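A look at the structure
As a plain string of letters, each chain reads:
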2 protein chains.
Amino acid sequence: MDQTLRAVADPTRRAILRLVRDGEVAAGDIAREFPAMSRPAVSQHLKVLADAGLVEVRPDGNRRLYRLNPEGLREVAGFLDEMWTDGLARLKAAAEREEWPERARARKQSHPTADKETTP
Amino acid sequence: MDQTLRAVADPTRRAILRLVRDGEVAAGDIAREFPAMSRPAVSQHLKVLADAGLVEVRPDGNRRLYRLNPEGLREVAGFLDEMWTDGLARLKAAAEREEWPERARARKQSHPTADKETTP
DNA sequence: CCATCATGTAAGCACTATCTTACATAGATG
DNA sequence: CATCTATGTAAGATAGTGCTTACATGATGG
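Below is a short write-up of the structure. Counting of residues starts from 1 at the beginning of each chain's written sequence and follows it residue by residue. Here chains are named by letter from A upward and ligands by number from 1 upward, in the order in which they appear as written. Local features in this predicted model are restricted to residues of pLDDT 70 or higher, and side-chain atom pairs are both shown and tallied only at a pLDDT of 80 or more, whereas totals for entire chains, interfaces and linings draw on every residue. Only hydrogens and water are set aside; all other atoms, that is, all heavy atoms of the structure, feed into the side-chain values.

Attention shifts here to the overall build of chain A. For helices the rule is a DSSP run of H or I covering at least 4 residues; for strands it is a run of E covering at least 2, with both sets numbered from the N terminus onward. Tallying secondary structure elements over chain A gives five helices and three strands in all. Reading the helices (α) and strands (β) of chain A from amino to carboxyl end gives α-α-β-α-α-β-β-α. Here the term buried applies to any residue with accessible area under 20% of the maximum for its type, exposed to any over 50%, and partly exposed to those in between, with areas from a 1.4 Å probe on protein chains only. Among the 120 residues that make up chain A, the fraction classed as buried is 40%. Residue contacts are counted whenever heavy atoms from the two residues lie within 4.5 Å of one another. A separation threshold of at least 6 residues defines the contact pool for chain A, and within that pool the share at least 24 residues apart is 51%. Only the protein chains shown count as covering a residue, and every accessible area follows the Shrake-Rupley method with a 1.4 Å probe. For chain A, the exposed area adds up to about 7100 Å²; of that, 49% sits on carbon and sulfur atoms.

What follows deals with the nonpolar core. What tends to happen in soluble globular proteins is that the nonpolar side chains get buried as a cluster. In terms of nonpolar packing, the biggest core is built from 51 residues, with Leu-17, Ile-30 and Leu-54 of chain A together with Leu-17, Ile-30, Leu-54 and Leu-73 of chain B touching the most fellow members. If one sorts the elements of this core by residue count, helix α5 (residues 74-96) of chain A sits on top with six residues. Not counting the four nearest positions on each side in its chain, Ile-30 of chain A is found in contact with Ile-16, Leu-19, Val-20, Val-25, Val-42, Leu-46 and Tyr-66 of chain A. We define the nonpolar core as a collection of buried residues of types Ala, Val, Leu, Ile, Met, Phe, Trp, Tyr and Cys that are connected through side-chain atoms lying within 4.5 Å of one another.

Below, the discussion takes up helix α2 (residues 11-19) of chain A. The α-helix winds at 3.6 residues per turn, so residues separated by three or four positions along the chain end up facing the same way. Thr-12, Arg-13, Arg-14, Ile-16 and Leu-17 of chain A are the residues of α2 of chain A that are buried. If you check the start of α2 of chain A, you find a side-chain oxygen 2.8 Å away from the backbone N of Thr-12 of chain A, and it comes from Asp-10 of chain A. Polar contact is the term for a pair of N or O atoms within 3.5 Å; when the atoms are in protein, one must be able to donate a hydrogen and the other to accept it, and sequence-neighboring residues count only if both atoms are side-chain atoms.

All names here are of chain B. Angles here are taken between N-to-C directions and fall from 0 to 180 degrees, while the axes themselves are lines fitted to C-alpha atoms, restricted in helices to the stretch in contact. Packing of helix α2 (residues 11-19) against helix α4 (residues 39-51) leaves a shortest axis separation of 10 Å and a crossing angle of 75 degrees. Classified by the interaxial angle, the pair formed by α2 and α4 is roughly perpendicular. Seen from α2, the contacting residues are Thr-12, Arg-13, Ile-16 and Leu-17; seen from α4, they are Val-42, His-45, Leu-46, Val-48 and Leu-49. A class-by-class count of the residues in the contact of α2 with α4 yields six nonpolar, two polar and one charged. Just so you know how the angles are binned, under 35 degrees is roughly parallel, over 145 roughly antiparallel, 65 to 115 roughly perpendicular, and the rest oblique. Think of it as three bins: nonpolar holds Ala, Val, Leu, Ile, Met, Phe, Trp, Tyr, Cys and Pro, charged holds Asp, Glu, Lys and Arg, and polar takes everything else, Gly as well.

Salt bridge, as used here, is a side-chain nitrogen of Lys or Arg placed within 4 Å of a carboxyl oxygen of Asp or Glu. This structure, assessed with the given rule, holds 20 salt bridges over all chains. Glu-56 of chain B serves as the salt-bridge partner of Arg-67 of chain B, at 3.2 Å between the closest nitrogen and oxygen. A residue pair is termed long-range when its members are at least 10 positions apart, and Arg-67 of chain B in strand β3 (residues 63-68) and Glu-56 of chain B in strand β2 (residues 55-60) qualify at 11 residues. Several salt bridges share partner residues, and in doing so they unite Glu-24, Glu-56, Arg-58 and Arg-67 of chain A into one network.

Below, the discussion takes up the sheet that holds strand β1 (residues 25-26) of chain B. Residue and element names in this part refer to chain B. Strand pairing is assigned whenever DSSP detects at least two bridges linking the two strands. Reading across the sheet, the three strands line up as β1-β3-β2 and stay open at both edges, with antiparallel pairing between neighbours. Unpaired on one side and paired on the other, β1 and β2 mark the two borders of the sheet. In this sheet, β3 lies alongside β2 in antiparallel orientation, the contact comprising six bridges. Residue pairing in the sheet places Val-57 in a bridge with Tyr-66 of β3.

Any residue with a heavy atom lying within 4 Å of a molecule or strand is counted as near it. What surrounds DNA strand D is a group of 26 residues, the closest being Ser-38, His-45 and Gly-61 of chain A together with Gly-28 and Tyr-66 of chain B. Per the 4 Å cut-off to the protein, sugar and phosphate atoms form 60% of the nearby atoms of DNA strand D. In the environment of DNA strand D, a phosphate oxygen lies 3.2 Å from a nitrogen or oxygen atom belonging to the side chain of Arg-13 of chain A. For DNA strand D, a base nitrogen lies 3.2 Å from a polar atom in the side chain of Asn-62 of chain A. Of all elements in the fold, only α4 (39-51) of chain A together with α3 (27-32), α4 and β3 of chain B reach the threshold of two or more residues within the surface near DNA strand D. Class assignment for the residues of the surface near DNA strand D results in eight nonpolar, nine polar and nine charged.

Strand order in the open sheet made by the three strands is β1-β3-β2 (chain A), with antiparallel pairing throughout. Since the sheet does not close on itself, it has two edges, and those belong to β1 (25-26) and β2 (55-60) of chain A, each with one partner.

Turning our eyes to something else, we now look at the pairing of strand β3 (residues 63-68) of chain A. Looking along a regular strand, one sees the side chains alternate between the two faces of the sheet. Sheet topology places β1 of chain A next to β3 of chain A; two bridges connect them, and they run antiparallel. When the sheet's bridge partners are listed, Val-25 of chain A is paired in β3 of chain A with Tyr-66 of chain A.

Near DNA strand C lie 25 residues; those nearest to it are Gly-28, Ser-43 and Tyr-66 of chain A together with Ser-38 and His-45 of chain B. Counting only the atoms of DNA strand C within 4 Å of the protein, the fraction contributed by sugar and phosphate is 59%. The contact in question runs from a phosphate oxygen of DNA strand C to an N or O atom on the backbone of Ala-27 of chain A, over 3.3 Å. Elements supplying a minimum of two residues to the surface near DNA strand C: α3 (27-32), α4 and β3 of chain A together with α4 of chain B. With five residues, the single largest contributor to the surface near DNA strand C is α4 of chain A. Within the surface near DNA strand C, the residues separate by chemical class into eight nonpolar, nine polar and eight charged.

Spelled out as structure tokens, the structure:
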């Protein structure tokens, strides 16, 4: 999961993923889409993506064709759902109850300082 | 988006997000969950998460209570959907359109491999 | 064969991230 | 007030990323 997220946390690599999202693209064609950086740099990005399982490679004669492997994002999707859907539901429920659950470690707290500024 | 993904691409910070997913937790209580690292380190992680908009803070007397902000993940959710759902569908369609050679012994075939078939 | 094309790899350098320890500050408490 | 508690910030050491240029390798085509 770390490897996957670190791979995706780079704008160039996300752009590459979008390039290979619709079908196979040769390494050179990918590199040509990034005139601002050298071809080896793109090649290294492709290696990172491949090591993370986000793309798959297939040799075709001289060239190497890359394509997206959506399965590589499964873990990330799971984590996101865990945070997004579930987390949002839980926080929303807590908020609408107008009491923030802060009971993990009960504090002495003589006065209700907690409900003083919770209204945005 | 970069900031968000970089923030999430760290196991400690993801663990913190899980801690504050269900309600508010004080900084010290969070730090106490990571005996392997110093408290300032956790504090810095919290800053990264706050700067990325993934958590929100609220002062409560002496302490600072952190809670998840699921909205911070909206962009990531969008990107993931773009790659996951859409990407999977497109690759599948491309495969059924015969562009994706799972069985074709593509030999030299100067062009029809992958060049302009990407249908923008 | 030999030259060329497409691609990956190695070495090196600048910049960034993530820790640590030491210090600063704001609120609570006697 | 004096002091303790909870927390953030500063400075620095170390490791990691992301580029570049130079080189290596395997397939193509005369």
